[in-house]
Amino acid sequence: MENHQYPKLYFYRRIVQAKLYIDDHYGDSIDLNNIADEAWFSKFHFIRAFKNTYGKTPHQYLIYVRIEKAGELLKTGIPVSEVCYAVGFESLSSFSGLFKRVAGLSPSAYAAQQQNLQQQIKKSPLSFVPACFAEKSGWL
């Protein structure tokens, strides 16, 4: 490896380390200082670098991960308030507003929709398999 590439490789490893830190600690009370410290950058340099790499600021990415994890938990039937705190939100109203903005449904409506979908899948699993695949597999 050439010498001038080492700093670039080091730089990207630090950014990836910070992203992995968010992925692993999304449910904790973390903030920009914690995340930037993980990457060993000043927070302003870190914000620019993270956004250039991932297309989102660290805060936007943290919210994205929390909402994604919340959706997964809501599918399992865990109550909305428990999900809210499990994914790192401190306010049920801010969680509900953000979730609705991202998912298009309130957390409780999303959970009900997912439970209904699971019931439909149990009742008629083949209706959720593409016909071409079901036919090829000999299921039709």
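The rules we used
- Think of each chain on its own: its residues are numbered from 1, step by step along the sequence as written.
- Selection of residues for local features in this predicted model requires a pLDDT of at least 70, selection of side-chain atom pairs for listing and counting requires 80 or more, and totals for whole chains, interfaces and linings are taken over all residues.
- The basis for every side-chain value is the complete set of non-hydrogen atoms in the structure, without hydrogens or water.
- We count a salt bridge whenever a side-chain nitrogen from Lys or Arg sits within 4 Å of a carboxyl oxygen from Asp or Glu.
- Only DSSP runs of H or I covering at least 4 residues are called helices, and only runs of E covering at least 2 are called strands; the numbering of each starts at the N terminus.
- Contact between two residues is taken to exist if any of their heavy atoms lie within 4.5 Å; hydrogens are not considered.
- To obtain each axis, a line is fitted to C-alpha atoms, and for helices this fit is confined to the stretch in contact; angles are then taken between N-to-C directions over 0 to 180 degrees.
- Each angle gets one of four labels, with under 35 degrees taken as roughly parallel, over 145 as roughly antiparallel, 65 to 115 as roughly perpendicular, and the rest as oblique.
- Residues with no salt bridge and a relative accessible area higher than 30% make up the patches, which join like charges within 9 Å and nonpolar side chains (Val, Leu, Ile, Met, Phe, Trp, Tyr) within 5 Å.
- Using a 1.4 Å probe, accessible areas were evaluated by the Shrake-Rupley method; residue-level cover was limited to the displayed protein chains.
- We define a nonpolar core as any set of buried Ala, Val, Leu, Ile, Met, Phe, Trp, Tyr and Cys residues linked to one another through side-chain atoms lying within 4.5 Å.
- Burial classes: relative accessible area under 20% of the type maximum marks a residue as buried, over 50% as exposed, and values in between as partly exposed (1.4 Å probe, protein chains only).
- Here the expected length of a helix is defined as 1.5 Å per residue gap, with one fewer gap than residues.

Looking at the pattern of salt bridges
No. 1: Counted according to the given criterion, the structure contains one salt bridge.
No. 2: A salt bridge links Asp-23 to Lys-19; its shortest N-O distance comes to 2.6 Å. Placement of both Asp-23 and Lys-19 in helix 1 (residues 6–25) is noted, with a separation of four residues, approximately one turn of the helix.

A few points about the environment of Glu-38
No. 1: Within the secondary structure, Glu-38 sits in helix 2 (residues 32–39).
No. 2: As for Glu-38 and Arg-14, which are separated by 24 residues in sequence, their C-alpha atoms are 7.7 Å apart.
No. 3: Once residues within four sequence positions are removed from consideration, Glu-38 is found in contact with Arg-14, Gln-17, Ala-18 and Tyr-21.

A few points about the packing of helix 2 against helix 3 (residues 43–54)
No. 1: Packing of helix 2 against helix 3 leaves a shortest axis separation of 9 Å and a crossing angle of 80°. What the angle tells us is that helix 2 and helix 3 run roughly perpendicular. For the pair helix 2 and helix 3, contact is made by Leu-32, Asn-33, Ile-35, Ala-36 and Ala-39 and by Lys-43, Phe-46 and Ile-47, respectively.

Topic: a nonpolar patch on the surface
No. 1: A cluster of nonpolar residues, Leu-126, Phe-133 and Trp-139, forms a patch on the protein surface that exposes about 310 Å² of accessible area.
No. 2: If you trace the backbone, Leu-126 turns up in the loop between helix 7 (107–123) and helix 8 (131–136).

Some details on the nonpolar core
No. 1: Ile-22, Ile-35, Phe-46, Ile-67, Phe-89, Phe-95 and Phe-99 are the most contacted members of the largest nonpolar core, which totals 29 residues.
No. 2: Listed by contribution, the elements that provide at least two residues to this core are helix 1, helix 2, helix 3, helix 4 (58–75), helix 5 (80–86), helix 6 (92–103) and helix 7.
No. 3: Looking at this core element by element, the count peaks at seven residues for helix 4.
No. 4: With residues near it in sequence (within four places) discarded, Phe-99 still touches Ile-67, Ala-70, Gly-71, Leu-74, Gly-104, Leu-105, Ser-106, Pro-107 and Tyr-110.

Here's the deal with helix 4
No. 1: An ideal rise of 1.5 Å per residue puts 26 Å on 18 residues; helix 4 measures up with 26 Å between its terminal C-alpha atoms.
No. 2: Positioned one or two residues after helix 4, Gly-77 has a phi angle of 90°, which is positive.

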